[in-house]
Each structure stands twice: as C-alpha cells, then as structure tokens.
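A structural walkthrough
Single-letter residue listing:
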2 protein chains.
Amino acid sequence: MKPFQKAAIIGTGFIGGSLALDLRKYGLAKEIVGVSRHTKSLERAKKICAIDSGSLDLNIANGADLLIFSAPVNVIIDLAPRLTKIVSKNCIVTDVGSTKESIVKSLERLFPKYIGSHPLAGSEKRGVQYAHKDLFKNSLCILTPTRKSDKRALKLVERIWKKSGAKTILLTPQLHDEILAVISHLPHIAAFSLIASVPDNFLKFASGGLKDTTRIAGSDSELWAQIFLSNRKNLLENIAILQNNISLIKSAIKNNDIQRLSEILEKAKNKRGRIR
Amino acid sequence: MKPFQKAAIIGTGFIGGSLALDLRKYGLAKEIVGVSRHTKSLERAKKICAIDSGSLDLNIANGADLLIFSAPVNVIIDLAPRLTKIVSKNCIVTDVGSTKESIVKSLERLFPKYIGSHPLAGSEKRGVQYAHKDLFKNSLCILTPTRKSDKRALKLVERIWKKSGAKTILLTPQLHDEILAVISHLPHIAAFSLIASVPDNFLKFASGGLKDTTRIAGSDSELWAQIFLSNRKNLLENIAILQNNISLIKSAIKNNDIQRLSEILEKAKNKRGRIR
C-alpha cells in the first residue's frame, strides 16, 4: 500500500492520537497534521510524535489526501462542511464516530470518497495523554459503506484499519446503530444508572463487582449524552427491553420464586458465557 | 496468636479453599480438615494442600476448635444444627455467607462462640480449582457481631482475617445486608438483566464495555438466586431505585433534553470517580 502524502486528523484525542501513532508506525502516511480545540492537546500529540504539526485552524488540512474525523458525532457534522473547501474531492475521508446513520448521511453528501468507520476500542478515558500505539490491535472496526460509496476509498480505509491490527467488518449504518445501541450504549445506560443508585456513604464498600459493572460510568458525560441522543430511537427500544428484564427478575424475587429466578439467571449466565 | 489445633472448613470451594490455604500459610491452624458434597472438590483441596484430610461426612469436624462455614447461606443454615452435636461449645465458629441477617440469627443461637464474617473477595468463579493464597489480601472483610457475641471469639475471628491480609470492619447484620444489597446484589441484577437484553447474534460484537458490565453475570445462577432471596426486602427497594434512575435517563433521551441528560450523567460520573 502506497502511503498517503498527508493525513489530517481532526481531533487529536485518545482515538485520534492513537490512530495517528499507528499511521506513523505502519508507514501509512508521510506527513501527519492534527487539529484540536485545545493547544495543550496538540502539544501533547506532537510530543509523543503522533503528529508532525498541529493547529487550532482547520486550514492546516490543506492538501491532505487522507482526512480522519475523530471527534463527537455532532462536532464532526458541524465541522465537515468547512473541510470541503480545504481538501480536494479526491481526498479519502473517514471518521470514528460512535453512531453512523446521521454522520454517514451528512458526510457522504460532502465528500465523494467518504467511508464511515467505528473502531470498537473506546475507553472511559479521554485525551491524547492516554493515546498509545496498537490500541486497535485485535479489536473490531466496523465500516459502514453505502451503495453510493467509492469502492477504492473503501479498500483504502479498510487497509488502514487492518494495518493497525483491527479486524474489519462491513455493516449498513442502520444495522451498525442497532447493534451499538445494544452492545455499547445500553451498557452505558446501565452503568450510569447503577452508580447513581449507590448512596455516597456506601461507596467505600465497593468491591470488584460494582467496580467492573460501573467502570464505563466514568466516561465523559457530554460525549455520552450526545451519543445517546444520536441513537435515540434504537436506544429507547433497548432501554425498554432492559427495563422488562429487570422487572422479570424483580417479580421472581417478589414472589419468592426460586425456580423461575434460577431459570432466568441460568439463561443469562449461559449467554454471558458465549462472549469470547 | 496461638494456632488453632484443628480447623474444619465446611465447603472447600473457591472461598473456603482460599481461606484454608491462608490458615496454613500464616500458621493459624495445626490441622485443617474439609467437608464437601463432592469427592472431587476434596481431592483437589488436598492436592493443593489446602486441607490435610477431607470427607463427605460432617463428623470429620469432630474435635475442631475452629469451624468455618463456606457454603451458600441456605445450605449453612440447613447444616448448622447437625454441627452442634459434632463440635464443642467452645469451638470458635464463623461463616462467609453473602447475607448476614438470617444466618446470624440462626447460628448465634446454635454456637456460643459464633461471629458472622463476609469477605468481599467473591468472584464469578466457583470451585477450589480457582482457590489461591492471599485471595483476601487488601480486601475488605465485614464482621457482624451482635450484642450477644462472645468478645474473645470476635477478637480471634478478626485476627484470622487480618492475618490473611484483609481489612476488617464491624457492622450489624442489618446494615451489612443493606449495604450489600446496593454494592453487590444490585450490580448482579443489572448485569444479569443487561446480558439478557442482548440478542444472540449481537454477542460477537461485544467489546470492553459490555464485557466488564456483564462479567458478574457469569456467576453461579443457583447461588445468586439464593442470595437475592435471602436479601429480598433490601434488594426490592434498591431495584426500585435502579428502575427509577433508568427511567430518569430514558425520559431525558425521549425529550431530547441534552442539558438534563448531561447533568444526570455528569453526577453519575463524579460518583464513580469517588470509588478508589
């Protein structure tokens, strides 16, 4: 694979910074530039050699043949139109947004060579200070091309993720959002709600179970509020399913029905066992 | 601390086996015997030198001056009366049951030197094959003496846990159960309900968030059905609180209320940050 001449990362945070490190490590881009709203983030990204140069100004992306949006979905959708005046029509464009239906609809209108991506390598951590090489190694990256997508662009974006060590899979933006509602957004709802249920004076008794089940409640609240709203319909459906499952267990407890309760838990345990 | 002459572990599983290993490592007992319903468990416990000898018959505990019940709460309550005919009135007795109100009420009537314990070092794993030394190191062990408890017995049981590396804290059985309903039993409810909400064909997309939030749903279903029912009143109250917190988030999503949603998540995130 011939390296890109100039890669521009819009958002040099945890994911953007880690991807930049891999672009460099695997020789995928000759020059890497970064844009951030925070000078400090750019300085840190430069210090760890994730980017060659950085700017608060989008114009630094001028001449890029690879453009990667790595910011919250709503921020990407806001910024994207301005980038169309900065990069050429031949620029390969992707993003790492957490939901795909709205962003793909927006960005494929703006960029002829756009392919949506979502690397499932998130973390409750945020910021380039946590960025590291090979973050995506052995993780899954979902690509969401549509019928309108450029075949060569898809091939190139797929190669970037594969070179970074991710396993790639192609899904429609719609199916992506349905799946993510269940496997990522719903667990966050559960974690935030669960920790909210713990009285302050009981926090000191927290052991492994509570810590693990609520780890992702340490995630950025503004980012997650945006993610939840950007996948509102799917998420509301799945919250209802979760509520129903909690009610089933609650009823069995209320009725002292050990047999029914054991059955529900055994089925859940077996399902958990099928996650590798 | 003078070692016990003969320690009897009723239930040589993950917790019982690990405690036996510590009794030996820290010179707390000269002889250690074990009882299990399964010959295989006894053989394994002997193989790792957790116990000197084992039996399916409770009578092996004859002559013990330290008796440790390490089985599900309902099993302990069933077995305990038979042990009163096997050990003397001077035998120090404790248990590691997950809820304390019912077991303390039962066992303190039967054994004059009984003190309830609950080491917060559980795991979704079960069986002596997972037992290891120093399982309790740096963990918290809750002791639940009552006004009727023998002071010397309390001192001795506390010493056992401290020697094993646990930090001990004294709580009433009632407060113990209130706290555990929140910090242990409710997270299990959330985890079992959450994994039950995932369609089978989405399991292959599971990433870190779903894995962590549902790890404890891999726990033994029969054991947890018993735990839930043994702390029924407290648990039902806390399930209602969890349901309410989920509803608050759901409403904010339904109403597209980004400000309210961010507030709820930020408050939860901050609370999570207060867990060490």
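Residues numbered from 1 in each chain as written. Chains lettered and ligands numbered in written order. Predicted model: local features only at pLDDT ≥ 70, side-chain atom pairs only at ≥ 80, totals over all residues. Heavy atoms only, no water.

Remarks on the interface of chain B and chain A
- Counting residues at the interface gives 78 residues for chain B and 78 residues for chain A.
- Where chain B touches chain A, the interface holds four salt bridges.
- When residues of the side of chain B that touches chain A are assigned to their parent elements, the largest contribution, 16 residues, is made by helix α9 (residues 232-254) of chain B.
- In the side of chain B that touches chain A, the residues fall into 45 nonpolar, 16 polar and 17 charged. (Contact = heavy atoms within 4.5 Å. Salt bridge = Lys/Arg side-chain N within 4 Å of Asp/Glu carboxyl O. Helix = DSSP H or I, 4+ residues; strand = E, 2+ residues; numbered from the N terminus. Nonpolar A, V, L, I, M, F, W, Y, C, P; charged D, E, K, R; others polar.)

Points about the sheet that holds strand β8 (residues 167-170) of chain B
Residue and element names in this part refer to chain B.
- As summarised here, the arrangement of the eight strands in space is β3-β2-β1-β4-β5-β6-β7-β8, forming an open sheet in which the pairing is mixed. In this open sheet, the two edge strands, each paired with only one partner strand, are β3 (53-55) and β8. Across the sheet, the mean angle separating the axes of adjacent strands is 25° when strand polarity is ignored.
- Examined bridge by bridge, strand β4 (residues 66-69) and strand β5 (residues 92-95) share four bridges and lie parallel to one another. Along β5, the bridge assignment pairs Phe69 with Asp95.
- Across the sheet, helix α2 (residues 39-47) touches β2 (29-35) and β3, and the angle it forms with β3 is around 175°. (Pairing = 2+ DSSP bridges. Axes fitted to C-alpha atoms, helices over the stretch in contact; angles between N-to-C directions.)

Details of the domain arrangement of chain A
Residue and element names in this part refer to chain A.
- Each assigned domain of chain A is listed with its residue range as follows: domain 1 (4-171) and domain 2 (175-273).
- At the interface, 13 residues of domain 1 touch 17 residues of domain 2.
- Between domain 1 and domain 2, roughly 1300 Å² of surface is buried when both sides are summed, and carbon and sulfur atoms account for 62% of that area.
- If you look at where domain 1 meets domain 2, you find one salt bridge.
- In this structure, Arg126 and Asp220 form a salt bridge, with 2.8 Å as the shortest nitrogen-oxygen distance.
- Our count for the contact surface shared by domain 1 and domain 2 stands at six residue pairs in polar contact (both at pLDDT 80 or more).
- Residues that form the side of domain 1 that touches domain 2 fall into these classes: four nonpolar, five polar and four charged. (Domains from an automatic or database assignment. Buried area = accessible area lost by both parts, 1.4 Å probe. Polar contact = N/O pair within 3.5 Å; in protein donor to acceptor, adjacent residues only side chain to side chain.)

With respect to the environment of Lys40 of chain A
- Following the sequence through the fold, Lys40 of chain A ends up in helix α2 (residues 39-47).
- Separated by 88 residues in the primary sequence, Lys40 of chain A and Val128 of chain A have C-alpha atoms spaced 9.6 Å apart.

Looking at the environment of Cys91 of chain B
Residues and elements named next belong to chain B.
- Along the polypeptide, Cys91 turns up in the loop between α3 (73-83) and β5.
- Residues Cys91 and Gly63, 28 residues apart in the sequence, show an inter-C-alpha distance of 8.6 Å.
- Among residues more than four places away in sequence, those in contact with Cys91 are Ala64, Asp65, Leu66, Leu67 and Lys113.

Notes on the nonpolar core
- Ile253 of chain A together with Ile253 of chain B are the most contacted members of the largest nonpolar core, which totals 83 residues.
- Sequence-distant contacts of Ile253 of chain A, defined by excluding residues within four places in its chain, comprise Leu261 of chain A together with Ile189, Phe228, Leu229, Arg232, Leu235, Leu236 and Ile239 of chain B. (Core = buried A, V, L, I, M, F, W, Y, C linked by side-chain atoms within 4.5 Å. Buried < 20%, exposed > 50% of the residue type's maximum accessible area, 1.4 Å probe, protein only.)

Regarding the side chain of Thr214 of chain A
- Secondary-structure assignment places Thr214 of chain A in helix α7 (residues 208-214).
- Assessed through its relative accessible area of 0%, Thr214 of chain A is described here as buried.
- Once you skip the residues sitting within four places of it in the chain, Thr214 of chain A turns out to touch Ala191, Leu194 and Ile195 of chain A together with Arg272 and Ile275 of chain B.

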